[in-house]
Amino acid sequence: MTRTAVVTGANQGLGFALTQGLATRLGPDDLVLLTGRDTERVAAATERVAANPATRARVEGRVLDVSDADAVTRFAADLGAVDIVLSNAVGPLDPGRPQAEQADVFLDVANAGTHAVLRSFGPILRPGGRLLVVASSLGTLGHLPEALRPRFDGVSLDDVEQAVEDWRAAIHDGRANELGWPEWINVPSKVAQVAAVRAVAAERRERDLADGTLVAAVCPGLVDTRASRPWFADFSQAQTPDQAARAVLDLTLDDLDPSTYGELVRFGAVLPWHSGNPTRHEELTR
């Protein structure tokens, strides 16, 4: 059976490695769609994958801005059905600038983009398919102060969206610290991504497990990229994008382990949702 795979944020870093890995592991009749916001970068990345001698699948580039929910809806509708969706798009975050100035672009891509992918691709995922959102080990609920955890625990996707928008408003109003939101906006963003996956998975769990479909969040571990370099002090254990892609691709292409359904998975193991420490990110970053 011919399979169709979509990777967002795929023209560099981990997204490119995931695309190249799929193109290598899938068959000649399968189609891998490499997507990103920049036309030239998408074209160049697609050429690189196609030119790799190890590439077996067909590879095509598509321009897609996941922060544009209508564009994501149209893109999914045009495809009609998909077998693999790897949601990897992330917005830029510069430690040299006030985070309040960057919050809108970051949240529009990382969170609103995740919501759009879940809403648009979930309904067209074929039985036995895979819908994975690349997140982080910082996405477990325990990384938030206790008072904020109910906003993301056992709630609907609509509730997660509202929590993100309330947090966004608090950032712009200067009340985020007063309300307990972590200073590094990457932390609540990652928790919200995982909460969104859990919300969608809770609604479709029974049907998906019956037909071998997986909806989950995935942590690739620390990856040495241009985006992560400014934020972490210790890169001695960091992986290259190609190394980090392996466990994600294994989860994508191996048989379904029901224990991973709806969870945050790192190197094949589930990270407990309620684990984490509200100050752990301060130890990890500069």
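This text gives an overview of the structure that appears in the document. (Residues numbered from 1 in each chain as written. Predicted model: local features only at pLDDT ≥ 70, side-chain atom pairs only at ≥ 80, totals over all residues. Heavy atoms only, no water.)

With respect to the helices and strands, the residue E263 is situated in the loop between α7 (241-253) and β7 (264-266). When the C-alpha atoms of E263 and A217 are compared, they prove to be 6.0 Å apart, with 46 residues separating the residues in sequence. Not counting residues within four places of it along the chain, the set of residues in contact with E263 comprises R198, A216, A217 and V270. Side-chain polar atoms of E263 contact the side chain of R198, separated by 3.1 Å. (Helix = DSSP H or I, 4+ residues; strand = E, 2+ residues; numbered from the N terminus. Contact = heavy atoms within 4.5 Å. Polar contact = N/O pair within 3.5 Å; in protein donor to acceptor, adjacent residues only side chain to side chain.)

The next point concerns unusual backbone geometry. In this model, F267 sits at a positive phi of 50°, which is unusual for a non-glycine residue. Along the polypeptide, F267 turns up in the loop between β7 and β8 (269-271).

It is worth spelling out helix α6 (residues 186-211) at this point. Maximal helix bending in α6 amounts to about 70°, located at R204. Once α6 finishes, G212 follows within two positions and takes phi at roughly 80°, a positive value. (Bend = angle between axes of the 7 residues up to and from the residue.)

Enumeration according to the criterion identifies 14 salt bridges in this entry. When the shortest N-O distance is used, the salt bridge between D83 and R126 registers 2.6 Å. On the criterion of sequence distance, the pair formed by D83 in strand β4 (residues 82-87) and R126 in strand β5 (residues 125-134) is long-range, its members being 43 residues apart. The buried category is assigned to D83, whose relative accessible area is 5%. The exposure class of R126 is partly exposed, given its relative accessible area of 29%. Residue D173 is joined to R175 by a salt bridge in which the shortest nitrogen-to-oxygen separation is 3.7 Å. One network of salt bridges, with partners in common, ties together D104, D108, E165 and R168. (Salt bridge = Lys/Arg side-chain N within 4 Å of Asp/Glu carboxyl O. Buried < 20%, exposed > 50% of the residue type's maximum accessible area, 1.4 Å probe, protein only.)

Burial analysis of strand β6 (residues 214-219) places 6 of its 6 residues in the buried class, the great majority of the element. Judged by which residues are buried, β6 turns out to be covered on both faces: L214, A216 and V218 on one side and V215, A217 and C219 on the other are all buried. Note: β5 against β6, 5 bridges, orientation parallel. Directly across from R130, in β6, lies its bridge partner L214. (Pairing = 2+ DSSP bridges.)

Relative orientation of the contacting elements helix α1 (residues 13-25) and α7 amounts to 50°, with a least axis distance of 8 Å. Here α1 is positioned oblique relative to α7, judged by the angle of their axes. In terms of crossing hand, the pair formed by α1 and α7 is right-handed. Within the contact between the two elements, α1 uses G13, L14, A17, L18, G21, L22 and R25 and α7 uses P241, D242, A244, A245, R246, V248, L249, D250, T252 and L253. (Axes fitted to C-alpha atoms, helices over the stretch in contact; angles between N-to-C directions. Parallel < 35°, antiparallel > 145°, perpendicular 65-115°, else oblique. Left-handed = near helix turned anticlockwise from the far one by under 90°.)

What the 8 strands build is an open sheet, ordered β3-β2-β1-β4-β5-β6-β7-β8; its pairing is mixed. In this open sheet, the two strands that pair with only one neighbour each are β3 (58-63) and β8. Shown here is a sheet whose adjacent strand axes are inclined to one another by a mean of 25°, direction ignored. In terms of strand pairing, strand β2 (residues 31-36) meets β3 through 6 bridges, oriented parallel. Bridging from a neighbouring strand, T35 pairs with R62 of β3. Here helix α2 (residues 39-51) sits on the sheet in contact with β2 and β3, set at roughly 175° to β3. Contacting β5, β6 and β7, α6 runs over the sheet at an angle of about 145° to β6.

By themselves these figures say nothing about function.
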